[in-house]
Amino acid sequence: MLWLVVGLLLCAASAQGTQEQDVPGIPTLVEDPFEGRLVESIEVEGARRYSEDRLRAALGLGAGDRYSSETVEQGVEYLWTLFQVRADIVGKIEEDGALSLRLIVVELPADLEPRFIGYDEIKLEKILEWTDLQDRRELYFHQVPRVERLILDGYRREGHFHVQVRSIIREPSEGDSSDMPGDVIFEIIEGPTVHVSEVVIRGNVSMPDTGAAFWKNGLKHLASTELAGPSLFDWSGKEFVEDTLRSDLVAMRNVYRDRGFLNAVVELDSLKFNQDRSRVEVHIIVDEGKPFRVTEVAIEALNLKPHPRGERFMPIEESAELLYPLEDLIAELTLAPGDIYVKTTVDADRLSLRDYYGADGYIDHSTLGPGYAWKWLEPELIFDIEKAEVKVIYRISQGRQLRIRSVLISGATHTRDHVIRRNISVDPGDLANMEEIISSLRRLNRLEYFSDERDPLGHRDPYFVFRTIPGEEGLVDIDFIVEEGRVVDFAISGGIDSNDGLFGILSLSMRNFDIFDLPSSFLSTFGEIYRKEAFHGGGQTLSIQISPGARRDQSMIRFVEPDIFGLQRNRWSFAGEFSIFDRIYDYDEEKRTTRRVTFGRQLGYDGSFNIGFASRDVKVRNVDQQVLLDPQMGSLTQQIGTSILNGVTFGVSYRDTDAAFNPKTGRIISWNNDVAFEGIGSDWDIYNSNLSWDEYFKLGTELDPVPSSVRLSSGLGLAMPFSQTDVTPYSERLFLGGFNSLRGFRYRGVGPNSTDGNVLGGESMARASLEYRYPLVTQTRPGTYQEIEMFRVHFFVDAGVLGTDYTELDLDEMRSAAGLGFALLYPIPISFNFGWPLEAKPYDERQVFSFNIATR
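Residues numbered from 1 in each chain as written. Predicted model: local features only at pLDDT ≥ 70, side-chain atom pairs only at ≥ 80, totals over all residues. Heavy atoms only, no water.

J.: Teacher, can you tell me more about the overall build of the protein chain here?
T.: Along its length, the protein chain carries 14 helices and 36 strands. Compactness check: the protein chain gives a C-alpha radius of gyration of 39 Å against a globular reference of 29 Å for 856 residues, more than 25% above the reference. Dimensions of the protein chain along its principal axes, counting C-alpha atoms only, are 140 × 75 × 75 Å. Across the 856 residues in the protein chain, those meeting the buried criterion constitute 44%. Considering only contacts within the protein chain whose residues lie at least 6 apart along the sequence, 62% involve residues at least 24 apart. Of the roughly 44,600 Å² that the protein chain leaves accessible, carbon and sulfur atoms contribute 54%. (Helix = DSSP H or I, 4+ residues; strand = E, 2+ residues; numbered from the N terminus. Rg over C-alpha atoms; globule rule 2.2 N^0.38 Å. Buried < 20%, exposed > 50% of the residue type's maximum accessible area, 1.4 Å probe, protein only. Contact = heavy atoms within 4.5 Å. Areas by Shrake-Rupley, 256 points an atom, 1.4 Å probe, with all protein chains shown as cover.)

Structure follows, in structure tokens:
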């Protein structure tokens, strides 16, 4: 046995030595014998539906070409991808060295035009779109199950829960050489469209469904579920779609999670169909469990470092020391031990910590990478299921304290740099402060130089990005990016409202005007204005309007230079205006010609003070005969003819809103005064003062794409005669009523009234309005996640009172109304209001419906 083992070992060693000697003489790769040879011909075998020429072309190799194994390999793959053909190449080298090839193909069975039968409510074009057969009708047999599934899914998305789809396939017979070897028919049994008759939820003890219409509350309302039974605006009920049901279940589970019920179960219990299966009751069962209470709240700091393998991978987390004392940070939090774990409270804590760090230059923004930005990371929750308790650890990446190196402006192709910078309150060297940055951005938006109200979805509003600087730790550039908007409006249009009736408008408005930017020639004027190459970019405003109407005619020209001396900060402004306003009122006709010059001084970034001179000619004519006989209407009858009102004007204004049009948050304050006196040529001595104050409050959270909002508006007015004037003339008195002041009453239709029922007007006025606005229709701006409010409903309460003497304001004379309205915001602003008086007096003129339709 020993000798046998030794012999085997020697044989193995001998064989190994022989192999090692032969290796150098053997090539490492075996070359294709056809490589580089001239192809003489290519015969095609097995072609049935496709011509031989098409198959040769797809192969990418033809007679006269040099053979390439790489080309052949790619061609075989292309034949499968394009024609679903399995291909093989067989070659023969002829005596003269040329190469003859045979392309052997096996075509998979297919139907060049599959048929669909049984469809009725769904059009064939829709079915072809679902199955991706609208551009090509060829269907291979192995694709039939996928098409069946796509048809089923499509029908069920349309509410056909009971749909059935069956495929009938005729396989190609043996030896069949026809061009259409198979046939596919999809037989569809649509069934009825199923509508939801009711969604019944059991077990939602802590969140029962209550209320109706806009005052709903409960689990379904909080989860914004889509499946619902018949309602005022949908008498049939929603179509039953399984995917929607699954989404609703997830949404309801999330509501429970957000409110501390961390182990709540929400499941489908049963579906109960009626006899013809066209309606269904959806029964959902809830097991709420116990709400989890917080045992401890901690804060953990982390450093985020970019992953060495690139941005596709999550940043690396490393523990870090808190930059501020833990007790100071805890003091900023709302969530505390003993509280129920509620997501809205956690969100509030996130904002508190963000703002706390942000005040010191630690910025949370998507354009700052890991290590630079302050980031809120997903909190760590440590559960005790049996006790329904949770320990909450807030995890934050503190980032770096950032200072602004440079303030950049991009996209302003024609607007002067200083016009933009005078609205930006961020300077180089400042600590990055999101509050100031957002305020600057809001001012740029309010300018309306970089917006397009005609196409809000297609035009992006100003925004900003941070740009980090390699090698400069703690320094960033901030870049405000704008896109030149629609600032020149020439319109021939019209409108109608319940105050002024029908009117036409011929207007030219240039918001970013520059009187010194002249066109290169007269003939090129209009083209250069259109291209923003002339009269553009200086931040001035020029408005020219001619507006004839059924009840009023108006003409106006106005010019504003917001920075006379080019100071940018604390600047002085100039405004000049000439207007003619001619209107038919209930008792008379009034024509007012106004010439006004105003100088203003900026107060901070959002406020201003102005002082100027105004000269007005007021002509009162065609006074109603009944009014002439009313002894209490002396303020009107004594003014018949032309009166001159020359005076000094002064006022203060403040505006800080998130948008110029349809703001959601912010404040607008305006106090305007006018003192006319005989010393400068006035026929009357009158002091007019009007104070208005509007507050806007956004409801909901930052996560709401288009939140609802509240507008609180108030105003005070005074028309005081002095010196030689005993009674304020009628044209200068104060009035209420109409959609601008007191809805539910006719324009100027609110007393006090004379004993004959004529409206006296007031020398003092107070008004207030509370309006809740709820968006009904929104659209997403293309290329962004930003949603734009298009249509809304609003509910309001208006109140106001007039005093016949400036020294008194009798609250017993208060008028009030409540109602609702609808407003289309784009592309043409249209508002409709329905107001019902709550407090009214005899002779008040009521008007339930008021409206306004006009171009901006």
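So that's the structure; there's more coming.
J.: Looking at this model, I keep getting lost on the sheet that holds strand S17 (residues 463-468). Mind explaining?
T.: Hydrogen bonds between backbone atoms are what pair the strands of a sheet, whose relative direction is either parallel or antiparallel. If you trace the 3 strands from one edge of the open sheet to the other, you get S16-S18-S17, paired in mixed fashion. For this open sheet the edge positions go to strand S16 (403-410) and S17, each flanked by a neighbour on one side alone. Adjacent strand axes in the sheet meet at a mean angle of 25° when their direction is disregarded. As defined by bridge partners, S17 adjoins strand S18 (residues 475-481) across 6 bridges and the pair is classed as antiparallel. In the sheet register, Val-465 faces S18, and the bridge partner there is Asp-479. Contacting S17 and S18, helix H11 (residues 434-447) crosses the sheet at an angle of about 140° to S17. (Pairing = 2+ DSSP bridges. Axes fitted to C-alpha atoms, helices over the stretch in contact; angles between N-to-C directions.)

J.: What is the right way to read H11 from this model?
T.: Owing to its 3.6 residues per turn, the α-helix brings residues three or four apart onto one side. Compared with an ideal rise of 1.5 Å per residue, which puts 14 residues at 20 Å, H11 spans 20 Å between its outermost C-alpha atoms and is within 8% of the ideal. By the criterion of burial, H11 is predominantly enclosed, with 10 of the 14 residues buried. Turning to H11, its buried residues number three or more, namely Met-434, Ile-437, Ser-439, Ser-440, Leu-441, Arg-442, Arg-443, Leu-444, Arg-446 and Leu-447. The elements touched by buried residues of H11 are helix H10 (417-421), S17, S18, strand S20 (501-513), strand S26 (641-657) and strand S27 (666-676). Its side-chain oxygen at 2.9 Å from the backbone nitrogen of Glu-435, Asn-433 defines the N-terminal cap of H11. A positive phi of about 65° marks Glu-448, the residue just after H11. (Expected span 1.5 Å × (residues − 1). Polar contact = N/O pair within 3.5 Å; in protein donor to acceptor, adjacent residues only side chain to side chain.)

J.: Even after reading the chapter, I still don't get the nonpolar core, so can you show me in this structure?
T.: Burial of nonpolar side chains together is a common tendency in soluble globular proteins. Judged by nonpolar contacts, the single largest core of 27 residues is most densely connected at Leu-368, Ile-404, Ile-437, Phe-464, Phe-466, Ile-478 and Phe-480. For this core, the secondary structure elements donating two or more residues are S16, H10, H11, S17 and S18. The element that contributes the greatest number of residues to this core is H11, accounting for 5 residues. For Ile-404, the contacting residues outside a window of four places in its chain are Val-426, Asp-427, Pro-428, Gly-429, Asp-430, Ala-432, Phe-466, Val-476 and Ile-478. Phe-161, Met-207, Ala-223 and Leu-227 belong to the second-largest nonpolar core, a separate cluster that totals 23 residues. (Core = buried A, V, L, I, M, F, W, Y, C linked by side-chain atoms within 4.5 Å.)

J.: When you look at the pairing of strand S11 (residues 279-287) in this model, what are you seeing that I'm missing?
T.: Looking along a regular strand, one sees the side chains alternate between the two faces of the sheet. Where strand S9 (residues 195-202) and S11 come together, 7 bridges link them in parallel fashion. The residue bridging His-195 from the neighbouring strand is Arg-279, located in S11. Pairing of strand S10 (residues 265-273) with S11, which is carried by 8 bridges, proceeds in the antiparallel orientation. By the bridge assignment, Val-266 is partnered in S11 with Val-286. Connecting S10 to the next strand, S11, in antiparallel fashion are 5 residues, including Arg-277 with a positive phi near 65°.

J.: Whenever I open this one, the side chain of Glu-590 confuses me. Can you help?
T.: Mapped onto the fold, Glu-590 is located in strand S24 (residues 589-603). The exposure class assigned to Glu-590 is buried, which follows from its relative accessible area of 5%.

J.: So what exactly am I meant to see when it comes to helix H7 (residues 242-258) here?
T.: With 17 residues, H7 ought to run about 24 Å at 1.5 Å a step, and its terminal C-alpha atoms sit 24 Å apart, in line with that. Of all the positions in H7, only Thr-244, Leu-245, Asp-248, Leu-249, Ala-251, Met-252, Val-255 and Tyr-256 are classed as buried. The arc that holds the buried residues of H7, viewed along the axis, is 165°, so those residues lie on one side. Check the buried side of H7 and you find it contacts S9, helix H6 (219-223), S10 and S11. Directly beyond the C-terminal end of H7, a positive phi value near 95° is found at Gly-260. (Arc of directions from axis to C-beta.)

J.: Hey, could you run me through the sheet that holds strand S8 (residues 183-189) in this one?
T.: Across the sheet, which stays open at both edges, the 3 strands sit in the order S5-S8-S7 with mixed pairing between neighbours. In this open sheet, the two strands that pair with only one neighbour each are strand S5 (115-117) and strand S7 (164-170). Each adjacent strand pair in this sheet contributes to an overall mean axis angle of 20°, direction not counted. Here 3 bridges tie S5 to S8, and the two strands are oriented parallel to one another.

J.: Looking at this structure, how should I read the packing of aromatic side chains?
T.: Think of a pair of aromatic rings as described by two things: how far the centres are apart, and how the planes are tilted against each other in angle. A complete count under the given rule lists 27 aromatic pairs for this structure. Aromatic pair Phe-791 and Phe-822: ring centres 6.1 Å apart, planes at 5°, arrangement stacked. Linking Phe-791 in strand S32 (residues 787-803) with Phe-822 in strand S33 (residues 815-824), this pair joins segments that are 31 residues apart in sequence. Taken together through their ring pairs, the aromatic side chains of Tyr-324, Tyr-356, Tyr-357, Tyr-362 and Trp-374 make up a single cluster. One Lys or Arg, Arg-748, reaches over the ring of Tyr-585 and ends 3.9 Å from the middle of that ring. (Phe/Tyr/Trp six-rings, centres within 6.5 Å; stacked < 30°, edge-to-face > 60°. Lys NZ or Arg CZ within 6 Å of the ring centre and 35° of its normal.)

J.: What's the story with unusual backbone geometry in this structure? I'm lost.
T.: Glycine aside, the phi torsion of most residues is negative, and most peptide linkages are trans. Residue Gly-751 is joined to Pro-752 through a cis peptide bond whose omega torsion reads 25°. As for its position among the elements, Pro-752 is in the loop between strand S30 (744-745) and strand S31 (764-780). Positive phi, close to 50°, is recorded for Asn-570, a residue that is not glycine. Mapped onto the elements, Asn-570 comes out in the loop between strand S22 (552-561) and strand S23 (572-584). Residue Asn-570 is classed as partly exposed on the basis of its relative accessible area of 39%. Of note in the backbone geometry, Asn-622 takes a positive phi value of approximately 50° without being a glycine. Topologically, Asn-622 is positioned in the loop between strand S25 (607-621) and helix H13 (625-628).

J.: Explain the environment of Ala-264 to me, please; I cannot follow it from the model alone.
T.: As for its position among the elements, Ala-264 is in the loop between H7 and S10. The exposure class assigned to Ala-264 is buried, which follows from its relative accessible area of 4%. Separated by 130 residues in sequence, Ala-264 and Tyr-394 place their C-alpha atoms 23 Å apart. Excluding residues within four positions of it along the chain, Ala-264 makes contact with Tyr-256, Arg-257, Asp-287 and Glu-288.

J.: When you look at empty space enclosed by the protein in this model, what are you seeing that I'm missing?
T.: Gaps left between atoms show up when a probe the size of a water molecule is rolled over them. What the rule picks out here adds up to 2 cavities of 30 Å³ or more. What the second largest cavity holds in volume is close to 40 Å³. Forming the boundary of the second largest cavity are Val-199, Lys-220, Thr-225, Leu-227, Leu-245, Asp-248, Met-252 and Ile-284. Broken down by element, the residue count for the lining of the second largest cavity peaks at 3 residues, all from H7. When its residues are assigned to classes, the lining of the second largest cavity shows 5 nonpolar, 1 polar and 2 charged. (1 Å grid on protein atoms, 1.4 Å probe; cavity = no way out; pocket = protein on both sides within 12 Å on 5 of 7 lines; lining within 4 Å. Points joined across faces, edges and corners; volume = space filled by probe spheres on them. Nonpolar A, V, L, I, M, F, W, Y, C, P; charged D, E, K, R; others polar.)

J.: How should I be thinking about the environment of Ser-69 in this particular structure?
T.: Mapped onto the elements, Ser-69 comes out in helix H3 (residues 69-83). Separated by 35 residues in the primary sequence, Ser-69 and Phe-34 place their C-alpha atoms 8.1 Å from one another. Not counting residues up to four positions away in its chain, the partners in contact with Ser-69 are Asp-32 and Glu-35. A polar contact is formed between the side chain of Ser-69 and the side chain of Glu-35, at a distance of 3.0 Å.

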